[in-house]
Amino acid sequence: GGAVKMELYLSAIAIWVLIYMLMASGLALQYGFTGLINFGYVGFVTIGAYTSAILSLQGVPLWLTSPAAMALAALAAYPLGLVTLRLGGDYLAIVTLGFSESVRIFVTKEEWLTRGTHGIPGIPRVFDDWAGRSSGDLTLLALLIVVNIAVFAMMRWLIGSPFVRVIAAIRDNEVAARALGKDTVSFKTRSLMIGSALGGLAGAFQAHYITFIGPEQFVPLITFYVWIAIILGGAGRISGIVVGTVVLLTFLEGSRFLRDIFGGISEVQLASVRFFIIGMALICTVLYRPQGLF
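Computed from a predicted model, the values in this text were never measured in an experiment.

Draft legend 1. Representation of the overall build of the chain within the structure. A tally of helices and strands in the chain yields 14 helices and zero strands. Starting at the N terminus and ending at the C terminus, the chain contains elements arranged as α-α-α-α-α-α-α-α-α-α-α-α-α-α. Projected onto its principal axes, the C-alpha positions of the chain cover 65 × 50 × 35 Å. Split into buried and exposed, the 294 residues of the chain put 47% on the buried side. When contacts within the chain are restricted to residue pairs at least 6 apart in sequence, those whose partners lie at least 24 apart make up 77%. Looking at the chain as shown, the accessible area adds up to about 13,900 Å², and 69% of this sits on carbon and sulfur atoms. Charge-centre separation for the chain: the mean point of 19 positive side chains lies 8 Å from the mean point of 15 negative side chains.

Right, here's the structure in full:
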């Protein structure tokens, strides 16, 4: 029994690591490669999760709901990019934060569509219908590994492509890029859309993995967890995304065991300790390794 429990626990952590890795890849594409400061990343994750959940409960097969989740998240990024990227980076940070909260208020209020604060239960899991619960988890884990490898392969290909050379030039000196005749807003908007689509895909996986979604899962804190992952690891490198995500989830999960070591810590106190540890790690990273571990 203990071995099976441990296996389930480890596969659950691995699945969360890979879901967060997808989010970190999208945000790293926006920030690490293009210099876009998106403080509302969780908004795109929310759109992906709800899109995939609602469609799948209408009987749409899962291999169609995930592309729909990505498409809707990317479409939501399009007007945001066009409006704010003409104004400069700081505006994007503020507008995206407001956007993610607007999405959360929308899913809370529009009960006819999202069941509001009751959340959406009974979302079908990805492989349970033919693999069963425990092997369903392992099959999902394998699928997430394949998807992450595909995303990293796409990012590697992008890094060598003219597209990323232009967006890196925009990140480093936008005025010079514009002087060379590049449509900087168009390039930045595309980068914002691709990164947001990856957030939508991560949201879809999250919904089908935990089978229940509600507005309280999509608070701004999630955005900042993803930021912490890419800052710890180094936003401009794939190795940084992988290691940063693993370190973050190790902190988040490892701090649960503090309760076992020091008895009598309440859940609320534990949350504060977790913030303290992550905050200190972030401060130390910024002071001693501002470029990230990689």
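There's plenty left to go through after this.
Draft legend 2. Here's a closer look at the pattern of salt bridges. The final tally for this structure, using the stated rule, is four salt bridges. Among the salt bridges present, the one from Arg125 reaches Asp137, with a minimum N-O distance of 2.2 Å. Note that Arg125 is positioned in the loop between helix 5 (111–114) and helix 6 (128–131) and Asp137 in helix 7 (residues 133–159), a separation of 12 residues in sequence. Look at Asp137 and you get buried, because its relative accessible area is 2%. Between Glu174 and Lys188 there is a salt bridge, and its shortest N-O distance comes to 2.9 Å. Taken together, the residues Glu174 in helix 9 (residues 174–179) and Lys188 in helix 10 (residues 184–210) connect sequence positions 14 residues apart. Residue classification places Lys188 among the buried positions, given a relative accessible area of 6%. Salt bridges sharing common partners tie together Glu174, Arg178 and Lys188.

Draft legend 3. Representation of a nonpolar patch on the surface within the structure. A surface patch of nonpolar side chains, about 590 Å² in accessible area, is lined by Phe276, Met280, Ile283, Leu287 and Tyr288. Its place among the elements puts Phe276 in helix 14 (residues 267–288).

Draft legend 4. Representation of the packing of aromatic side chains within the structure. For the structure shown, the criterion picks out eight aromatic pairs. Judged by centre distance (5.9 Å) and plane angle (75°), the rings of Trp16 and Tyr209 are edge-to-face. With Trp16 in helix 1 (residues 2–33) and Tyr209 in helix 10, the pair connects residues that are 193 residues apart, well separated along the chain. Between the aromatic rings of Phe39 and Trp227, the centroid separation amounts to 5.6 Å while the plane-to-plane angle is 70°, which identifies the pairing as edge-to-face. With Phe39 in the loop between helix 1 and helix 2 (41–57) and Trp227 in helix 11 (residues 220–233), the pair connects residues that are 188 residues apart, well separated along the chain. A residue is classified by how much of its surface remains accessible, and Trp227, at 6% relative accessible area, is buried. Counting every residue linked through ring pairs, the aromatic cluster contains Tyr31, Phe39, Phe224 and Trp227.

Draft legend 5. The arrangement of the side chain of Gln206 in detail. Tracing the chain through its elements places Gln206 in helix 10. What Gln206 contacts, discounting residues up to four positions off in sequence, is Trp16, Ile19, Met23, Val45, Gln217 and Phe218.

Quick notes on the rules
Residues numbered from 1 in each chain as written. Predicted model: local features only at pLDDT ≥ 70, side-chain atom pairs only at ≥ 80, totals over all residues. Heavy atoms only, no water. Helix = DSSP H or I, 4+ residues; strand = E, 2+ residues; numbered from the N terminus. Buried < 20%, exposed > 50% of the residue type's maximum accessible area, 1.4 Å probe, protein only. Contact = heavy atoms within 4.5 Å. Areas by Shrake-Rupley, 256 points an atom, 1.4 Å probe, with all protein chains shown as cover. Lys, Arg positive; Asp, Glu negative; His and termini not counted. Charge placed at Lys NZ, Arg CZ, Asp CG, Glu CD. Salt bridge = Lys/Arg side-chain N within 4 Å of Asp/Glu carboxyl O. Patch = residues over 30% accessible without salt bridge, like charges linked within 9 Å, V, L, I, M, F, W, Y side chains within 5 Å. Phe/Tyr/Trp six-rings, centres within 6.5 Å; stacked < 30°, edge-to-face > 60°.

The values reported here are purely geometric and, on their own, carry no functional implication.
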